[in-house]
There are 4 protein chains.
Amino acid sequence: MARKRRPAARPEEILDAALAVFTEMGFAGARVEDIATRAGLSKGAVYVYFDSKHAILTALVRRLADRVIGAAEALVEAGAAVSAEQTLRSLLGFIAVQMSDPKISAAPRLVIAESQRFPEIGAMYRDVVLARVRRLIARILEKGIAQGAFRDVAPEVLLRLCGGPIVAHMFLTTVFADPDAPGPAPDVIAKGIADMVLNGLKVRQETAT
Amino acid sequence: MARKRRPAARPEEILDAALAVFTEMGFAGARVEDIATRAGLSKGAVYVYFDSKHAILTALVRRLADRVIGAAEALVEAGAAVSAEQTLRSLLGFIAVQMSDPKISAAPRLVIAESQRFPEIGAMYRDVVLARVRRLIARILEKGIAQGAFRDVAPEVLLRLCGGPIVAHMFLTTVFADPDAPGPAPDVIAKGIADMVLNGLKVRQETAT
Amino acid sequence: MARKRRPAARPEEILDAALAVFTEMGFAGARVEDIATRAGLSKGAVYVYFDSKHAILTALVRRLADRVIGAAEALVEAGAAVSAEQTLRSLLGFIAVQMSDPKISAAPRLVIAESQRFPEIGAMYRDVVLARVRRLIARILEKGIAQGAFRDVAPEVLLRLCGGPIVAHMFLTTVFADPDAPGPAPDVIAKGIADMVLNGLKVRQETAT
Amino acid sequence: MARKRRPAARPEEILDAALAVFTEMGFAGARVEDIATRAGLSKGAVYVYFDSKHAILTALVRRLADRVIGAAEALVEAGAAVSAEQTLRSLLGFIAVQMSDPKISAAPRLVIAESQRFPEIGAMYRDVVLARVRRLIARILEKGIAQGAFRDVAPEVLLRLCGGPIVAHMFLTTVFADPDAPGPAPDVIAKGIADMVLNGLKVRQETAT
DNA sequence: TATGAATGAGACTTCATTCAT
DNA sequence: TATGAATGAAGTCTCATTCAT
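Residues numbered from 1 in each chain as written. Chains lettered and ligands numbered in written order. Predicted model: local features only at pLDDT ≥ 70, side-chain atom pairs only at ≥ 80, totals over all residues. Heavy atoms only, no water.

**A closer look at the interface of chain C and chain D**
Right, on to step 1. Taken together, the contacts link 62 residues of chain C with 62 residues of chain D.
Right, on to step 2. Summed over the three residues of chain C that lose the most area to chain D, namely Arg160(C), Leu201(C) and Lys202(C), the buried surface amounts to 15% of that side.
Right, on to step 3. At the surface where chain C touches chain D, the tally comes to two salt bridges.
Right, on to step 4. Salt-bridge contacts for Asp178(D) lead to Arg126(C); the nearest nitrogen and oxygen are separated by 3.9 Å.
Right, on to step 5. In this structure, the connection of chain C to chain D is made through four residue pairs in polar contact (both at pLDDT 80 or more). (Contact = heavy atoms within 4.5 Å. Buried area = accessible area lost by both parts, 1.4 Å probe. Salt bridge = Lys/Arg side-chain N within 4 Å of Asp/Glu carboxyl O. Polar contact = N/O pair within 3.5 Å; in protein donor to acceptor, adjacent residues only side chain to side chain.)

See the structure below:
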């Protein structure tokens, strides 16, 4: 086997390979050798960069989540000027589209799958990812309430109401996807969710936009 | 070694034991011997009742889900007389409370965790469990629309909007539970979710109840 | 492979096999599979009886040492009636002959070889084996002094003076054996050692037997 | 990274590092990288100076033993004028003190530990070290007999009687050291051993000094 | 000479599963 | 039905050694 030399890129390559393998076989079903092969390395080389298979998972989840959350934060930041409703719609749409990409939704799925066995990974996700999402939701909510646009609901409820449908959609289109009946497109769903989150299910005569 | 149990009860006992063990260590981390021991049997005896470790998981999920869905169906059935809104509130509350029990929420968590490796279990859950939930949601929605109480939203959207927050809550209180910051009680959350699902986030002058 | 059934004898068989393999390849060089094969078992079966390769070593050393020390103690016990000199001669001869058997001397050699890496095994040998040898030497010495037959030397010195030459002989005939120049027979050496331990190297006119 | 060392000193530095690492972790437990790091080199550089990990061990043992034996030979040489007894006492004392230094006794311990797996190292030690010790003992014995001071014992017996107690003492204070019960000082033991080797254990009326 | 990334053989250990009893 | 000893296939991780730079 050729001995190449691209030290700087290696960890990223390994993580890319790991994402593919974990997505295909799950964490437990994935073999380090599979990851190594897909990264164009030998088994041992993987251990030069990561201490254990588990460390690969942790790094992978962290990287995947960080990208999406970082972008989401930027998006909310950028929405400072517009209405809270508009910001919420943007955020919901962005996350929904992101989470429809199996390469990205792999992160929470892996975390959920493995955190029974390795509780630290659940804790990491909670502290690194969810905490930031919580902050985002809380900020938008506060602003909306201050503007008189939103009802004064509990942030924890809004978190569940915004995040839940997206997560549910993600599961329904990955884990529980029916090959015969493909679900609706993510942006359609995102709009539907946003409309309902904002307006609710009940019929009424709208007195405000 | 008191061996006074009726053999007929064995499979149930094994499933009870499996639930406990899977919940504690995850599917991959659970050993058949652990299950056997907890069921008061020897390893080999388990194989008299189940073909494989995997068959245990499938049977367990089926049983857990069946119980909850069956009850939910009964509840909706019973709600034929009342308003669609009331039925939906009841359903949401029931599922939220059920899913707050780790022994029950173990089913979807296990399915999500394992279906990457064993897609059949995801398919089974979709066909056996989710299909019934879809039917329930669709029925309530149709009725609500017919009564002029609900807006005409897509059932797939409502499914995500109703199921998602509950699933999210479940994950937040199991997988991502922060021991230092216990979340809100399930019935509080259920009411909050129901209020928001029905009324939305936006402030408005109510013109109808 | 045939599945036999002799549970009771298995641990002993594994230990016998382990002795052979450890003697041939050293502890580090021995593979559990080698031991298993020689014991007529599969690799996995070994782990039914021992927790680890290391546990095999510990059990083996304990067993080997226990046999010899037990016999030595019986011998000293039996020598209660005879003179201390006679008892010491018997003991020296017995140990020398025993230690000339590579199957038996394997124990201290393995302990010495591995205790750098696994200090507990050195501690175990010290507490289980050497402590008993110390007691034996101390008892004989006390008796000899009481009888007026022995000089009043420190037990620790006598321990070294009696045990050392035997250990040295063992090493010279195992680890450092020269295939071209076989050393003297163990009983000849034992007698020589005993004579010298008792009489010393210096020429003198004997005034007592 | 001060790299001011003269390349010529490298092998010595590597051996010094190897001694420390082997002493701490044993040969099998030592990693070449550990040795390299302690020597202030990279793993690969070690292989510039030594063909293999094993070659390091061999060179190390050779060096350690050579130093001690060389000094011992000089000591015996210097004792040409004095009595055989005095020479023997000096030699015993010198070796006992040397062997009480774990850095020096590491050599025989490593040889004993590894020669099961690598018989050549045992052979090397026998031919390079033990042969010289044998010659030393034989020379002193011959002289003592010629002077009428020593009894006519077999050199092989004397070798064991002189070397054995010292080796035993070495093991008792290294491998089998009880942290709670430190043994006697080496010079005390050396004198005790010399006294006994020369005078024996039996009580007698001394008729000569 | 020196580096250190990469290799690749191999070892221990774990279990799901089988089967003689 | 039940046992539990036994199997055997895997899998993670380690490390001596090599080699391009």
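**Some details on the nonpolar core**
Right, on to step 1. Ranked by internal contacts, the top residues of the largest apolar core, which has 145 residues, are Phe22(C) and Phe22(D).
Right, on to step 2. Beyond its immediate stretch of four places on either side in the chain, Phe22(D) contacts Gln116(C), Phe27(D), Ala30(D), Ile35(D), Lys53(D), Ile56(D), Leu57(D), Leu60(D) and Leu110(D). (Core = buried A, V, L, I, M, F, W, Y, C linked by side-chain atoms within 4.5 Å. Buried < 20%, exposed > 50% of the residue type's maximum accessible area, 1.4 Å probe, protein only.)

**Side note on the protein's contact with DNA strand E**
Right, on to step 1. The immediate surroundings of DNA strand E are formed by 35 residues, with Arg10(A), Lys43(A), Tyr49(A), Arg10(D) and Tyr49(D) found nearest.
Right, on to step 2. Sugar and phosphate atoms form 67% of the subset of DNA strand E atoms that lie within 4 Å of the protein.
Right, on to step 3. In this structure, Ser42(A) approaches DNA strand E through a main-chain N or O atom, which is 2.6 Å from a phosphate oxygen.
Right, on to step 4. At 3.1 Å, a side-chain N or O of Lys43(B) approaches a base oxygen of DNA strand E.
Right, on to step 5. Taken together, the elements giving at least two residues each to the surface near DNA strand E come down to helix H3 (43-49) of chain A, helix H3 (43-49) of chain B, helix H3 (43-49) of chain C together with helix H3 (43-49) of chain D.
Right, on to step 6. Split into classes, the residues belonging to the surface near DNA strand E amount to 14 nonpolar, six polar and 15 charged. (Near = heavy atom within 4 Å. Helix = DSSP H or I, 4+ residues; strand = E, 2+ residues; numbered from the N terminus. Nonpolar A, V, L, I, M, F, W, Y, C, P; charged D, E, K, R; others polar.)

**A closer look at the domain arrangement of chain A**
All names here are of chain A.
Right, on to step 1. Along its sequence, chain A is organised into domain 1 (1-51) and domain 2 (64-207).
Right, on to step 2. Relative placement of domain 1 and domain 2: their C-alpha centres are 31 Å apart.
Right, on to step 3. Contacts between the two partners involve six residues from domain 1, matched on the other side by seven residues from domain 2.
Right, on to step 4. Summing both sides of the interface, domain 1 and domain 2 together bury roughly 530 Å²; the carbon and sulfur share of this comes to 72%.
Right, on to step 5. Contact with domain 2 buries surface across domain 1, with Leu19, Thr23 and Phe27 losing the most and accounting together for 72% of the total.
Right, on to step 6. On the surface where domain 1 and domain 2 come into contact, there are one salt bridge. (Domains from an automatic or database assignment.)

**Concerning the side chain of His54(B)**
Right, on to step 1. Looking at the element boundaries, His54(B) is found in helix H4 (residues 53-78).
Right, on to step 2. His54(B) has contacts with Phe27(B), Phe118(B) and Glu120(B), leaving out every residue within four places of it along the chain.

**A look at the packing of aromatic side chains**
Right, on to step 1. Using the criterion set out here, one finds 14 aromatic pairs over all chains in the structure.
Right, on to step 2. Pairing Phe27(C) with Phe118(C) gives two aromatic rings, centres 6.0 Å apart and planes at 85°, and the pair type is edge-to-face. Of the two residues, Phe27(C) is situated in helix H1 (residues 10-29) and Phe118(C) in the loop between helix H6 (102-114) and helix H7 (119-146); the sequence distance between them amounts to 91 residues.
Right, on to step 3. When its relative accessible area of 7% is taken as the criterion, Phe27(C) is described as buried.
Right, on to step 4. Aromatic pair Phe22(D) and Phe27(D): ring centres 5.3 Å apart, planes at 55°, arrangement tilted. Neither residue differs from the other here; Phe22(D) and Phe27(D) are each classed as buried.
Right, on to step 5. Put simply, the rings of Phe22(A), Phe27(A) and Phe118(A) touch in pairs and so form one group of aromatic residues.
Right, on to step 6. One Lys or Arg, Lys53(A), reaches over the ring of Phe27(A) and ends 4.6 Å from the middle of that ring. (Phe/Tyr/Trp six-rings, centres within 6.5 Å; stacked < 30°, edge-to-face > 60°. Lys NZ or Arg CZ within 6 Å of the ring centre and 35° of its normal.)

**A closer look at the packing of helix H7 (residues 119-146) of chain A against helix H8 (residues 155-173) of chain A**
Residue and element names in this part refer to chain A.
Right, on to step 1. Two elements in contact, H7 and H8, have axes separated by 9 Å at closest approach and are oriented at 110°. By the angle between their directions, the pair H7 and H8 is classed as roughly perpendicular. The hand of the H7/H8 crossing is right-handed. On H8, the residues that touch Val133, Arg134, Ile137 and Leu141 of H7 are Pro155, Glu156, Leu158, Leu159 and Cys162.
Right, on to step 2. Classifying every residue of the contact of H7 with H8 gives seven nonpolar, no polar and two charged. (Axes fitted to C-alpha atoms, helices over the stretch in contact; angles between N-to-C directions. Parallel < 35°, antiparallel > 145°, perpendicular 65-115°, else oblique. Left-handed = near helix turned anticlockwise from the far one by under 90°.)

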